[in-house]
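# Architecture at a glance
Residue-level listing of the chains:
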Amino acid sequence: MGKNLVQKIIENHLVSGVMEPGSEIAIRIDQTLTQDSTGTMAYLQFEAMGIPRVKTKLSVAYIDHNTLQAGFENADDHKYIQTVAQKYGIYFSKPGNGICHQVHLERFGVPGWTLLGSDSHTPTCGGIGMLAIGAGGLDVAVAMGGGPYYLTMPKVCKVELKGSLKPWVSAKDIILEVLRRLSVKGGVGKIMEYCGEGVKHLSVPERATITNMGAELGATTSIFPSDERTREFLRAQGREENWTPLAADEDASYDEHIIIDLDSLEPLIAQPHSPDNVVKVKDIEGLKVDQVAIGSCTNSSYMDLMKVAGILKGKTVHPSVSLVISPGSKQVYTMLAENGALADLIDAGARILECACGPCIGMGQAPATNAVSLRTFNRNFYGRSGTMSADVYLVSPEVAAASAVFGEITDPRKLGAAPHVDMPQSFKINDNLVIPPAEDGSKVEVVRGPNIKPFPINKPLAEEISGSVLLKMGDNITTDHIMPSNAKLLPYRSNIPHLSDYCLVPVDETFPKRAKEQGGGFLVGGHNYGQGSSREHAALVPLYLGIKGVVAKSFARIHMANLINSGILPLTFVDERDYDNIQAGDRLVIRDSINQLKSGIIRIYNQQKDIYIDTKLDVSERLINVLIAGGLLNFTKENKA
Ligand code: MIC
Ligand code: SF4
């Protein structure tokens, strides 16, 4: 029996375990990336490991999230990361060079290699056939130190693309269709492997839009084969030597299979407040729009913005719309400037932002009260834009540009001939904003501003764990609920005590105060608890507040790993109906916790109701030991000793 592409790459990188879905494997990591809002924590953790230099083939530290410098904090973080990078052998991508995923795709990704990034959209590089996975900062720190990355061997889902896209329908519509069908938890425990004749009609940046937003499925990652289109992209990036052909064997088998007929796709739109709340654009056409934001790691490539420029050329943005555009990278930005497309965008009334995440993570451009905001981004979670009452919709660049002109949600097909953009023969290459590390790091002094505070480390697991249920939540709670991020909070990513006052506030604003008064306790969640970002702050802040365990119907992958790394128990109900047997305020007790954890079934006593509730933790023995040690850092230290 032949192998699929995922199996081939994993087999090539396998350090331990067997490639059977559901069992724990460890893989060698070739490259790592961090960004600044998770990077400070990742590098503090790397420093705590006491390793003199990274052991990967390449590690890059990007500055792209915290680029609004309203106070000293962000600039301090940048300085810290730059000096850490210098010292420990990491390439540093300066602010202004672009969004980590876009730049990594352009300049560093290599087909067939593995990439671990402290950002959930690391799978973007699956667009060139990398096995690219998002993880918490601590897991990335371990990989930088040469340790393998442990994960549950996912199922591989074959996504077969048939036919080709019609005019005005774009790669964004493909991933929105996958989300419509599978939902935000449909990819949990899976890797989405794209194949079929439709693949050859998609350029690398289009593929990257799809693998990027595969994160919203909850998937471990998504990947495309490496073919002639990949070669063409790498050649245009001046690095054809990085190309190798990669594809599944003809007779490869898969755990699941879905088929998407590209010819029948239409422009789609995700409605508030979830990326899987997808309908056809034509079904909600005419809704008035206040803001249009084009950019983010999903749709900010040269090809995307050239299409937007083509649509806007000679037109004017509607009087009641604010259009903001953030190019994905310096490469994209300079190319638009040199070929005149930037002038077309400015002339039409677009407000050009620097090439960074910007509004995608609420760093500026918060919409007006009750506004409708159309974005080419990947997430429209409640409150993420910075305006709680705003309704955010996710669309392709084509729909965004057309709607910006008409001032209402617009199906672009009525605009006549679609703009056509060819892959450039060669991209503009100038890596002058990538600073190589010092040859000898021992002399470099790491600069730590006052914003860099120590992070909390747990204690080994107690024999008896007790506390009250501080909050009971429903399904699909995101990390944007647990640890919100916006222009006011992102500057404090290296300051857990400060962040703790905002934990879970979008769900219940009394939570931080109550957690502090009671010295912590338990959280209860529904399905897919912790979906979204890789931010380990969504675990470190609850740890700081004394949260001992989260009992949920199911967890999102990265958040569950972050909870375990922090020594917080992520328990799932054996019988989901028991969700109804725990209420906020109930006092829970777990006795003989270590033996119970080892057995896999953890019986919780609900004192209020005088009943026992069975929960489970179906993870490897290694992870049980991580929890017993009180988190991954303690576990690593113990094992070293
Ligand atoms: C996001 O898109 O939510 C972020 C901001 O990029 C996060 C990382 C973070 O919270 O710093 C992610 O996707 O992992
Ligand atoms: Fe940045 Fe948004 Fe991409 Fe996250 S999703 S990396 S915030 S552009």
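Criteria and thresholds
Residues numbered from 1 in each chain as written. Chains lettered and ligands numbered in written order. Predicted model: local features only at pLDDT ≥ 70, side-chain atom pairs only at ≥ 80, totals over all residues. Heavy atoms only, no water. Helix = DSSP H or I, 4+ residues; strand = E, 2+ residues; numbered from the N terminus. Rg over C-alpha atoms; globule rule 2.2 N^0.38 Å. Buried < 20%, exposed > 50% of the residue type's maximum accessible area, 1.4 Å probe, protein only. Contact = heavy atoms within 4.5 Å. Areas by Shrake-Rupley, 256 points an atom, 1.4 Å probe, with all protein chains shown as cover. Lys, Arg positive; Asp, Glu negative; His and termini not counted. Charge placed at Lys NZ, Arg CZ, Asp CG, Glu CD. Pairing = 2+ DSSP bridges. Axes fitted to C-alpha atoms, helices over the stretch in contact; angles between N-to-C directions. Near = heavy atom within 4 Å. Nonpolar A, V, L, I, M, F, W, Y, C, P; charged D, E, K, R; others polar. Polar contact = N/O pair within 3.5 Å; in protein donor to acceptor, adjacent residues only side chain to side chain. Parallel < 35°, antiparallel > 145°, perpendicular 65-115°, else oblique. Salt bridge = Lys/Arg side-chain N within 4 Å of Asp/Glu carboxyl O. Expected span 1.5 Å × (residues − 1). Phe/Tyr/Trp six-rings, centres within 6.5 Å; stacked < 30°, edge-to-face > 60°.

### Section: the overall build of the protein chain
Within the protein chain, the regular secondary structure consists of 20 helices and 27 strands. Its C-alpha radius of gyration of 23 Å places the protein chain within 12% of the 26 Å reference for a compact globule of 641 residues. Across its three principal axes, the protein chain shows a C-alpha extent of roughly 70 × 55 × 55 Å. For the protein chain, the proportion of its 641 residues judged to be buried stands at 64%. For the protein chain, the share of sequence-separated contacts (at least 6 apart) that also reach a separation of at least 24 residues comes to 76%. Element-wise, carbon and sulfur atoms account for 49% of the exposed surface of the protein chain, whose accessible area totals about 22200 Å². Computed over 63 positive and 71 negative side-chain charges, the inter-centroid distance for the protein chain is 2 Å.

### As for the sheet that holds strand β4 (residues 58-62)
Reading across the sheet, the six strands line up as β7-β6-β3-β4-β5-β20 and stay open at both edges, with mixed pairing between neighbours. Edge positions in the sheet fall to β7 (131-134) and β20 (434-435), since each has one partner strand and no second. Examined bridge by bridge, strand β3 (residues 31-34) and β4 share four bridges and lie parallel to one another. Bridge pairing in β4 links L33 to V60. Strand contacts of helix α5 (residues 137-144): β3, β4 and β6 (114-117), with the helix running at about 140 degrees to β3, the strand carrying the most contacts.

### Let's talk about the site of ligand 2
If you check the shell around ligand 2, you find H65, H101, D119, H121, S296, C297, C357, C360, I361, N378 and R384 and nothing else. In terms of residue class, the shell around ligand 2 is built from four nonpolar, five polar and two charged.

### A few points about the environment of L433
Structurally, L433 can be placed in the loop between α12 (397-406) and β20. Look at L433 and you get buried, because its relative accessible area is 17%. Between the C-alpha atom of L433 and that of Y150, which follows or precedes it by 283 residues, the distance is 33 Å. Once you skip the residues sitting within four places of it in the chain, L433 turns out to touch F92, S93, K94, G96, N97 and K330.

### So, the site of ligand 1
Near ligand 1, the surroundings consist of 14 residues, among which S37, D119, S120, S534 and R535 are the closest. Here S37 contributes a side-chain N or O atom positioned 2.6 Å from an oxygen atom of ligand 1. Taking 330 Å² as the accessible area of ligand 1 by itself, protein coverage stands at 97%. Here the shell around ligand 1 is composed, by residue class, of one nonpolar, eight polar and five charged.

### Describing the packing of helix α10 (residues 330-339) against helix α11 (residues 341-348)
Their axes nearest at 4 Å, the elements α10 and α11 cross at an angle of 85 degrees. By the angle between their axes, α10 is roughly perpendicular relative to α11. Here Y333, L336, A337 and N339 of α10 lie close against α11, whose contacting residues are A341, L342 and L345. Of the residues contributing to the contact of α10 with α11, the split by class is six nonpolar, one polar and no charged.

### Concerning the side chain of S468
The topology assignment puts S468 in strand β21 (residues 465-472). On the basis of relative accessible area, S468 is assigned to the buried category, the value being 15%. Beyond its immediate chain neighbours, meaning those up to four positions away, S468 contacts Q518, G521, F522, G585, D586 and R587.

### Thoughts on the pairing of strand β25 (residues 587-590)
Pairing of β21 with β25, which is carried by four bridges, proceeds in the antiparallel orientation. Within β25, the position partnered with S468 by the bridge is R587.

### Thoughts on the sheet that holds strand β10 (residues 190-195)
Taken in spatial order, the four strands make up an open sheet running β11-β10-β9-β12, and their pairing is parallel. At either end of the open sheet lies a strand with only one pairing partner, and these are β11 (221-223) and β12 (256-261). Ignoring strand direction, the axes of neighbouring strands in this sheet form an average angle of 20 degrees. As paired elements, strand β9 (residues 155-162) and β10 share six bridges and run parallel to each other. In the strand pairing of β10, V156 is matched with I191. Strand contacts of helix α6 (residues 171-182): β9, β10 and β12, with the helix running at about 130 degrees to β12, the strand carrying the most contacts.

### Considering unusual backbone geometry
With an omega dihedral of -10 degrees, the bond running from P272 to H273 counts as a cis peptide bond. Phi is positive for N476, which is not a glycine, with a value near 60 degrees. Look at N476 and you get partly exposed, because its relative accessible area is 25%. Look at D592: it is not a glycine, yet its phi comes out positive at around 50 degrees. With respect to the element layout, D592 can be found in the loop between β25 and α18 (593-599). For D592, a relative accessible area of 38% corresponds to the partly exposed category.

### Structural notes on the pattern of salt bridges
Applying the stated criterion to the full structure yields 35 salt bridges. Between R384 and D480 there is a salt bridge, with the nearest N and O atoms lying 3.0 Å from each other. Here R384 is found in the loop between β18 (372-375) and β19 (391-394), whereas its partner D480 is found in helix α13 (residues 479-482), with 96 residues between them in sequence. Here R384 matches D480 in class, with each residue buried. Through salt bridges that share partners, E266, K280, K282, D411 and R413 make up one connected network.

### Structural notes on helix α3 (residues 72-88)
Each full turn of the α-helix corresponds to 3.6 residues, which orients residues three or four apart in the same direction. In this model α3 runs 24 Å from its N-terminal to its C-terminal C-alpha over 17 residues, within 8% of the 24 Å that 1.5 Å per residue would give. Here α3 lies mainly inside the structure; twelve of its 17 residues are buried. Residues of α3 that are buried include every one of E73, N74, D76, D77, H78, Y80, I81, T83, V84, A85, K87 and Y88, and no others. Residues of α3 that are buried sit in contact with α2 (36-49), β4 and β5 (91-93). Looking one or two residues beyond α3, the residue adopting positive phi is G89, at roughly 90 degrees.

### Brief notes about the packing of aromatic side chains
This structure, assessed with the given rule, holds seven aromatic pairs. Ring geometry for Y194 and F224: centres 4.7 Å apart, planes at 5 degrees, overall stacked. Separated by 30 residues along the polypeptide, Y194 in strand β10 and F224 in the loop between β11 and α8 (228-236) bring together distant segments of the chain. On the basis of relative accessibility, which here comes to 0%, the residue F224 falls in the buried class. Ring geometry for F573 and Y579: centres 6.2 Å apart, planes at 85 degrees, overall edge-to-face. Residue classification places F573 among the buried positions, given a relative accessible area of 3%. Using a relative accessible area of 14% as the deciding quantity, one classes Y579 as buried. An aromatic cluster of three or more residues is present, and its members are F233, Y302 and F427.

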